[in-house]
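Take a look at the letters that make up each chain.
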Amino acid sequence: MNDTINHINFDVESIRKDFPILNREVNGKPLVYFDNAATSQTPRQVIDVIVDYYTNYNSNIHRGVHSLSQEATDLYEQARLKIQEHVNAKYNHEIIFTSGTTHGINLVATGFSSLLKPSDEVLVSALEHHSNIVPWQMLCERTGALLKVIPMNEEGELVIDTYENLLSEQTKLVFVNHISNALGTINPIETIIKKAHKVGAAVLIDGAQSCPHIKPNVQELDVDFYVTSAHKMCGPTGVGMLYGKEEWLRKLPPYQGGGEMIAEVTFEKTTYADLPHKFEAGTPNIAGGIAFGAAIDYMNKVGFDVIATYEHKLLEYATAQLLAIDGLKIYGTAKEKTAVISFNIEHIHPYDIGTILDKMGIAVRTGHHCAQPIMDFYKIPGTVRASFAFYNTKAEIDALVQGVKKAKMMLS
Amino acid sequence: MTITEIQNEIIDEFGMFDDWEERYQYMIDLGKTLPLINEQYKTQDYIIKGCQSKVWVHAEMNDDKVKFTADSDAIITKGIIAILIRVFSNQHPKDIIEANTDFIDKIGLKEHLSPTRANGLVSMIKQLKMYAIAYQTQLN
Ligand SMILES: Cc1ncc(COP(=O)(O)O)c(C=O)c1O
């Protein structure tokens, strides 16, 4: 059955066949997976690559003279090239393999320890995931620099006027997510980057939530650092990437010491390997890196334009259906947002709704979504968050709406 | 009634239900009947960690028996607390310490609750037992 919403010929049923997990049941009901913003599901094409790696290529990379090691190294480096091409980085050595977004942020935050002084300021947005707050707080504790917050409004959008006022000669770093995981807001990062650069501040964009929906163009954005995780975009867990402009990556000291990241080691002095290996100490998640490349191939084959259009239709449909439920309030109503709906029902705890939905096989997230400051802003303990992917269907949204109605009936 | 007798009574009650909906509806209704904790105890000092919803528990001892009151901001959690309080409140500390909690499996709660919620349940029981241990040392 072709789903022709918005007149795009997008065959969601055939896409769903790529995802074995979508066939399973939970609590005796067909799984409805709406926790995509936490982790996306993995298509057969990516799973096969992982199996193929361990079946045919498993060995350590970058050091062996034997064929297996050479083949594994080639596959891993090809994956780096795929990522480079995907984000349009100028050089492949600007792509650092990490264990995920959190690792990438910590790598940069730690690197800045020697570059900041007490009179410096760093700006964080009110919409950040804890991963993009805590490492910078720790940096400020180490250096004495001051952390300032770009505020949000009731719709869940950043207040850009205030941001402009916060920027000054003292501002050395700005870090903002491309898309908020708790609310789905798409932040105006082009503007944010341009304004930061005017005062000479570097910008890190947390792309954990954007990469499943948007193909970032790091050169066009002129962003200094861009980080993401493979597991949010149909890849495996425990692998991700940090893009950094070459000049910045040269300036930052290595994050971890170990094998792979050295040129020469004596007990007197060690010289470091060149980029990207300087930041890739130890044996990496080789299968994960290769599978990350396969995930990018997969998503590009589906097509980011098609994904965006289809998901937007899902979002519009779900928003209308959910808002028809009496007492339901949606948090995050930005004009620019992705397929995430954070909501609560009057007088009902989000956790109760999530528990009842789980009994019906519907996976949503409840709680503060690792973004406690946002919940504090709205003065709520948390929300129920349904986040959609291109393999979700209107029928699944109908199941969610029915589930929410039932939960409301049982819990009121 | 002894703790075991109360537990058996609860197992019988839950045995009447055919499906999760009835079981949960019963728990939700139990939650609504939970005698309220005195507001003065709904503070950080009385909160139990390990629950996504907030849980407050207060204990006091009268006539060598521990009396628990509790509350939560989530109704299903309140239902669970109501069951636990029915089992453990107004019992001797020693009996509370020695009680096993297999009945939770038998009424399908542990396996039917999400893992994080199950952890919350575990922390709740641990907290009730901690209070009992504290009161037991007073008696010794
Ligand atoms: C906006 C955002 N930043 C950072 C992270 C952390 O990603 P990871 O746990 O893969 O390091 C997440 C994941 O939930 C996220 O949504």
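See above for the structure.
Let me begin by describing the structure that accompanies this report. (Residues numbered from 1 in each chain as written. Chains lettered and ligands numbered in written order. Predicted model: local features only at pLDDT ≥ 70, side-chain atom pairs only at ≥ 80, totals over all residues. Heavy atoms only, no water.)

### Comments concerning the interface of chain B and chain A
Inference 1: If you look at the interface, chain B gives 18 residues, while chain A gives 14 residues.
Inference 2: Together chain B and chain A conceal approximately 1,500 Å² of surface at their shared face, both sides included; 55% is due to carbon and sulfur atoms.
Inference 3: Counting the contacts that link chain B with chain A gives one salt bridge.
Inference 4: Glu21 of chain B is the salt-bridge partner of Lys406 of chain A, the closest N and O atoms lying 3.0 Å from each other.
Inference 5: For the side of chain B that touches chain A, the secondary-structure elements that each account for two or more residues are α2 (20–33), α3 (75–88) and α7 (115–139) of chain B.
Inference 6: Element by element, the count of residues in the side of chain B that touches chain A is highest for α2 of chain B, at six residues.
Inference 7: Across the side of chain B that touches chain A, the residue classes break down as seven nonpolar, seven polar and four charged. (Contact = heavy atoms within 4.5 Å. Buried area = accessible area lost by both parts, 1.4 Å probe. Salt bridge = Lys/Arg side-chain N within 4 Å of Asp/Glu carboxyl O. Helix = DSSP H or I, 4+ residues; strand = E, 2+ residues; numbered from the N terminus. Nonpolar A, V, L, I, M, F, W, Y, C, P; charged D, E, K, R; others polar.)

### What to know about empty space enclosed by the protein
Residue and element names in this part refer to chain B.
Inference 1: As enumerated under the stated definition, the model contains two cavities of 30 Å³ or more in all.
Inference 2: Considered as a void within the structure, the largest cavity measures approximately 130 Å³ in volume.
Inference 3: Residue composition of the lining of the largest cavity, grouped by class: 11 nonpolar, five polar and two charged.
Inference 4: For the second largest cavity, the calculated volume is near 40 Å³.
Inference 5: Considering the residues around the second largest cavity, the lining is formed by Ile48, Val57, Ala70, Ile81, Leu84, Ile85, Met124 and Leu128.
Inference 6: Counting residues per element, the lining of the second largest cavity draws most heavily on α3, at three residues.
Inference 7: Along the lines of polarity and charge, the residues of the lining of the second largest cavity split into eight nonpolar, no polar and no charged. (1 Å grid on protein atoms, 1.4 Å probe; cavity = no way out; pocket = protein on both sides within 12 Å on 5 of 7 lines; lining within 4 Å. Points joined across faces, edges and corners; volume = space filled by probe spheres on them.)

### Considering the sheet that holds strand β14 (residues 340–345) of chain A
Residue and element names in this part refer to chain A.
Inference 1: Here we have four strands laid out as an open sheet, ordered β13-β14-β17-β16, and antiparallel in their pairing. A single partner strand is all that each edge strand has here, and the edge strands are β13 (328–331) and β16 (365–367). Looking at each pair of strands side by side, their axes are set apart by 30 degrees on average, direction ignored.
Inference 2: In this structure, β16 lies alongside strand β17 (residues 383–387), joined through three bridges in antiparallel fashion. By the bridge assignment for β17, Arg365 is matched with Arg385.
Inference 3: Seen against the sheet, helix α11 (residues 304–323) touches β13 and β14 and runs at an angle of roughly 5 degrees to β14. (Pairing = 2+ DSSP bridges. Axes fitted to C-alpha atoms, helices over the stretch in contact; angles between N-to-C directions.)

### A closer look at a nonpolar patch on the surface
Residue and element names in this part refer to chain A.
Inference 1: Residues Ile262, Val265 and Tyr272 make up a contiguous nonpolar surface patch of about 280 Å² in total accessible area.
Inference 2: Take Ile262: it is sitting in strand β11 (residues 262–265).
Inference 3: For Ile262, a relative accessible area of 31% puts it in the partly exposed group. (Patch = residues over 30% accessible without salt bridge, like charges linked within 9 Å, V, L, I, M, F, W, Y side chains within 5 Å. Areas by Shrake-Rupley, 256 points an atom, 1.4 Å probe, with all protein chains shown as cover. Buried < 20%, exposed > 50% of the residue type's maximum accessible area, 1.4 Å probe, protein only.)

### Brief notes about the site of the ligand
All names here are of chain A.
Inference 1: In the neighbourhood of the ligand, the contacting residues comprise Thr101, Thr102, His129, Ser131, Asn181, Asp206, Ala208, Gln209, Ser229, His231 and Lys232.
Inference 2: Between the ligand and Asp206, the relevant distance is 2.5 Å, taken from a nitrogen atom to a side-chain nitrogen or oxygen of the residue.
Inference 3: Separating an oxygen atom of the ligand from a side-chain N or O atom of His231 is a distance of 2.7 Å.
Inference 4: Looking at side-chain class alone, the shell around the ligand contains one nonpolar, eight polar and two charged residues. (Near = heavy atom within 4 Å. Polar contact = N/O pair within 3.5 Å; in protein donor to acceptor, adjacent residues only side chain to side chain.)

### Focus: the pattern of salt bridges
Residues and elements named next belong to chain B.
Inference 1: All told, the structure shown has 23 salt bridges over all chains when counted by the stated rule.
Inference 2: The partner of Glu9 in a salt bridge is Arg86, and the shortest N-O contact between them spans 3.0 Å. Of this pair, Glu9 sits in helix α1 (residues 3–15) while Arg86 sits in helix α3, and the two are 77 residues apart along the sequence.
Inference 3: Residue classification places Glu9 among the partly exposed positions, given a relative accessible area of 31%.
Inference 4: A cluster of three or more residues bridged by salt bridges with shared partners is formed by Glu39, Lys42, Asp71 and Lys78.

### Observations regarding the pairing of strand β9 (residues 225–229) of chain A
Residues and elements named next belong to chain A.
Inference 1: Taking burial as the measure, the five residues of β9 include five buried ones, the bulk of the element.
Inference 2: Both faces of β9 are covered, namely the face carrying Phe225, Val227 and Ser229 and the face carrying Tyr226 and Thr228.
Inference 3: One ladder, built from three bridges, connects strand β8 (residues 202–206) with β9; its direction is parallel. What sits directly across from Asp206, in β9, is Val227.
Inference 4: As paired strands, β9 and strand β10 (residues 240–244) are joined by five bridges and run antiparallel to one another. By the bridge assignment, Tyr226 is partnered in β10 with Tyr243.

### Here we look at the nonpolar core
Inference 1: Counting residues in each nonpolar core, the largest one holds 146 residues, and the members touching the most others are Val174 and Phe390 of chain A together with Phe68 and Leu84 of chain B.
Inference 2: It is helix α10 (residues 286–302) of chain A that provides the largest number of residues to this core, a total of 11 residues.
Inference 3: Two domains each provide a minimum of three residues to this core, namely domain 1 (2–39 + 303–411) and domain 2 (48–301) of chain A.
Inference 4: What Val174 of chain A contacts, discounting residues up to four positions off in sequence, is Leu123, Ile150, Tyr163, Leu167, Ile192, Ala196, Ala201, Ala202, Val203 and Leu204 of chain A.
Inference 5: Judged by nonpolar contacts, the second largest core, of 26 residues, contains Ala109, Leu173, Phe225 and Leu242 of chain A. (Core = buried A, V, L, I, M, F, W, Y, C linked by side-chain atoms within 4.5 Å. Domains from an automatic or database assignment.)

### Considerations on the packing of helix α12 (residues 350–359) of chain A against helix α14 (residues 394–411) of chain A
To characterise two packed helices, one gives the angle between the axes of the helices and the distance between these axes.
Residue and element names in this part refer to chain A.
Inference 1: Between α12 and α14, whose axes approach to 9 Å, the crossing angle comes to 120 degrees. When the interaxial angle is binned, α12 and α14 end up oblique. Crossing geometry of α12 relative to α14 is assigned as right-handed. Of α14, the residues touching α12 (which contributes Asp352, Ile353, Ile356 and Leu357) are Leu400, Gly403, Val404, Ala407, Met410 and Leu411.
Inference 2: Considering only residue class, the contact of α12 with α14 consists of eight nonpolar, one polar and one charged. (Parallel < 35°, antiparallel > 145°, perpendicular 65-115°, else oblique. Left-handed = near helix turned anticlockwise from the far one by under 90°.)

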